[in-house]
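# What the coordinates show
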Amino acid sequence: GDSVTQMEGPVTLSEEAFLTINCTYTATGYPSLFWYVQYPGEGLQLLLKATKADDKGSNKGFEATYRKETTSFHLEKGSVQVSDSAVYFCALRRSTSGTYKYIFGTGTRLKVLA
Amino acid sequence: EAGVTQFPSHSVIEKGQTVTLRCDPISGHDNLYWYRRVMGKEIKFLLHFVKESKQDESGMPNNRFLAERTGGTYSTLKVQPAELEDSGVYFCASSPPSLQETQYFGPGTRLLVL
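Every value quoted in this text rests on a predicted model; they were computed, and no experiment measured them. The written sequence of each chain sets the order in which its residues are numbered from 1. Both sets of labels track the order of writing: A upward for chains, 1 upward for ligands. Where local features are concerned, this predicted model is filtered to residues with pLDDT of at least 70; where side-chain atom pairs are given and counted, the filter is 80 or more; whole-chain, interface and lining totals use all residues. Water and hydrogen atoms play no part in the side-chain values, which are based on all heavy atoms of the structure.

## Details of the pairing of strand β11 (residues 109–113) of chain B
All names here are of chain B. Where we set the bar: Accessibility here uses a 1.4 Å probe with only protein chains present; expressed as a share of the type maximum, an area under 20% marks a residue as buried, one over 50% as exposed, and anything in between as partly exposed. Strands here mean DSSP runs of E at least two residues long; helices mean DSSP runs of H or I at least four residues long; both are numbered from the N terminus. Strands were regarded as paired on the criterion that DSSP finds at least two bridges between them.
Taking every second residue as pointing to the same face, the buried face of β11 carries Thr 109, Leu 111 and Val 113, while none of Arg 110 and Leu 112 on the other face is buried. Bridge analysis of strand β2 (residues 10–13) against β11 gives 4 bridges, and the strand direction is parallel. Paired with Ser 11 across the two strands is Leu 111, which belongs to β11.

Structure below.
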């Protein structure tokens, strides 16, 4: 079945450091891919998405490129801020029987130090 | 516009007790979803309502879980009797009728079964 694997955390970085959170997936076909973020005390928020191979999703300085040859969707940011501290979830979306389901990874906690 | 709300934010109960979680979707959203994240693991789909009807309940773990959506508005998820392995965070999400793929998540209910 479909699955998403992302790097375990926590990831601790200093402010302005470069961030990479790895995400790979297993799925039939080419599902849409997503990164969600959960800030402390809040719900999951869509950070970015890509719906087909070679698409690049971007938002708030974060980027991720849909790579079908490596079945990956790694999240990157050139310079992190303290306010980026959160849990990041990689996900793919499947449609079955009229339902869109998200299949999530385990989440990666990011802590950015000033 | 208010987002998806969930109540309670936290619940601590003893094994064998009953707990009811509530989700209020965004007004006008016909689609309502329940997911859960068991400790340290991935977020998993539980079920999907379209208005008051269950469209897909393939992710419900067993018959101790009962979800309802009276009148197609708010939804409840009852766990009876609760077991230790039910501990985790239960997320609710909703989406508009014509944009099922864009799911808006609530902050989650953190359940601890002792």
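Still more to cover.
## What about the state of the cysteines?
Selection criterion: Cysteine sulfur pairs qualify as disulfides if the two atoms are within 2.5 Å.
What the rule picks out here adds up to 2 disulfides over all chains. Residue Cys 23 of chain A pairs covalently with Cys 90 of chain A via a disulfide, S to S 1.9 Å. Every disulfide takes its handedness from the sign of the S-S torsion; for Cys 23 of chain A and Cys 90 of chain A that torsion is -70°, giving left-handed. You can see Cys 23 of chain A sitting in strand β4 (residues 23–26) and its partner Cys 90 of chain A sitting in strand β10 (residues 86–96), a full 67 residues away along the chain. For the residue pair Cys 23 of chain A and Cys 90 of chain A, the accessibility class agrees, reading buried in each case. For Cys 23 of chain B, the disulfide goes to Cys 92 of chain B, at an S-S distance of 1.8 Å. On the S-S bond that ties Cys 23 of chain B to Cys 92 of chain B, the torsion sits near -65°, and the link is left-handed. Of the two residues, Cys 23 of chain B sits in strand β3 (residues 19–24) while Cys 92 of chain B sits in strand β9 (residues 88–95), which places them 69 residues apart along the sequence. Take Cys 23 of chain B and Cys 92 of chain B: they sit in the same class, and that class is buried.

## Points about a nonpolar patch on the surface
For clarity, the cut-off: Patch construction takes residues with relative accessible area above 30% that form no salt bridge. Like charges are linked within 9 Å, and nonpolar side chains (Val, Leu, Ile, Met, Phe, Trp, Tyr) are linked within 5 Å. Accessible areas in this description were obtained via Shrake-Rupley with a 1.4 Å probe; residue shielding takes into account the shown protein chains only. Note on definitions: salt bridges are taken to be side-chain nitrogens of Lys or Arg within 4 Å of carboxyl oxygens of Asp or Glu.
A contiguous nonpolar surface patch, about 380 Å² in accessible area, is contributed by Val 12, Met 39, Leu 112 and Leu 114 of chain B. Checked against the element boundaries, Leu 112 of chain B lands in strand β11.

## Focus on the sheet that holds β3 of chain B
Residues and elements named next belong to chain B. Formally: Axis definition: a line fitted to C-alpha atoms, limited for helices to the stretch in contact. Angles are taken between N-to-C directions and run from 0 to 180 degrees.
Judged by pairing direction, the sheet is antiparallel, and its 4 strands sit side by side in the order β1-β3-β8-β7 without closing on themselves. Each end of this open sheet is capped by a strand with a single partner; those strands are β1 (5–7) and β7 (65–68). Taken pair by pair, the neighbouring strands of this sheet meet at an average axis angle of 15°, ignoring direction. As paired strands, β1 and β3 are joined by 3 bridges and run antiparallel to one another. Following the sheet pairing, Gln 6 is matched in β3 by Cys 23.

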